[in-house]
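# Understanding the architecture of this molecule
The residues making up each chain are set out below.
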Amino acid sequence: MIRSVIIGTGSALPARRVSNAELAETVDTSDEWIVERTGIRFRHIAGPDETTATLAADACRAALGSAGLSADAIDLIVLATATPDQTFPASATKVQAMLGINDCVAFDVAAVCSGFLYALQVADSMLRSGAARRALVIGAETFSRILDWEDRTTCVLFGDGAGAVVLEAQEDAGSAGRGILAMRLHADGRHNDLLYVDGGPSTTGTVGKVRMKGREVFRHAVVNLAAVMTETLAVAGLGADDVDWVVPHQANARILDATARKLHLAPEKVVVTVDQHANTSAASVPLALDTAVKDGRIKQGDLIVLEAMGGGFTWGAAVVRL
């Protein structure tokens, strides 16, 4: 039996780092207001020469370096994004070219903030089926390009960035072995009007801007995330007490706190980067994972739970032995 193992992580952030105080110079808000309601203190904003694909490629280079591999070892690229460089082709193919890979399977996945987990499930399935041997799974966004900078309820929440992991197909070493142990994904399209972009090629012919009803999103997020984490741990035959770290989607510090309380998880087991990066949508989970790996918190052999919820609604979780 084959299992997908994470053998490398990487991330990339735009050079421009924007504080709440700097944002308050152009938006009717304040550092106190943002921190109290979201926990966010900084976000990174892409410059003119930075795109979703360039950030993704930089994250991939870091992940490949972490794994000790060259780009030609990769035969699958799955890029999760809601902000592709172009309507088509897939930004994954641009990343492929930037990395110098002449031929591999490369495509995008769109599930907004849950996108990285959806991409991870797709790549895991392809590796286990034998369709690929090693994959780059990426979450990358330039959400600053679809924000309404006059809407203080949304523009303060998001930032740009990218995170990536290298997955490798390995023989299953049993329940104590490394790899993806269980995953569960969900979607409920009835909630489209709670978190969406008001444009698109097939409707308005425009890119559109992010629109959100924050209170309703908060309520659904806490319930759905707690439920899917419990569900996925049960599939793996594990409980909350077995978890070393939770790496959640970094949407809002209050959502992270409420979800942890609902699951009776110690706050110190939850990786939090939202204060430094804001909500980077599909990039937030792999970016937080790489941060915690690089600073030594997460170590090989640790049991981690990845979880996210985004527009659609889509949500999911993964139980992984690193």
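Overview of the structure. All figures in this text were calculated on a predicted structure; none of them were measured in a lab. (Residues numbered from 1 in each chain as written. Predicted model: local features only at pLDDT ≥ 70, side-chain atom pairs only at ≥ 80, totals over all residues. Heavy atoms only, no water.)

### A few points about helix H4 (residues 91–99)
When we look at burial in H4, the residues that qualify are Ser-91, Ala-92, Val-95, Gln-96 and Leu-99. Down the axis of H4, the smallest arc covering the buried residues is 155°, so these residues share one side. The secondary structure elements touched by the buried residues of H4 are helix H3 (52–67), strand S4 (76–80), strand S5 (105–109) and strand S6 (134–142). Positioned one or two residues after H4, Gly-100 has a phi angle of 80°, which is positive. (Buried < 20%, exposed > 50% of the residue type's maximum accessible area, 1.4 Å probe, protein only. Helix = DSSP H or I, 4+ residues; strand = E, 2+ residues; numbered from the N terminus. Arc of directions from axis to C-beta. Contact = heavy atoms within 4.5 Å.)

### A few points about the pairing of strand S12 (residues 303–310)
The element S12 is extensively covered by neighbouring structure, given that 8 of its 8 residues are classed as buried. Across the two faces of S12 the burial is the same, with Leu-303, Val-305, Glu-307 and Met-309 and Ile-304, Leu-306, Ala-308 and Gly-310 all buried. Pairing of strand S11 (residues 245–248) with S12 involves 4 bridges; the strand directions are parallel. Paired with Val-246 across the bridge in S12 is Val-305. As judged from the 8 bridges shared by S12 and strand S13 (residues 314–321), these two strands associate in the antiparallel manner. Counted as the bridge partner of Glu-307 is Ala-317 from S13. (Pairing = 2+ DSSP bridges.)

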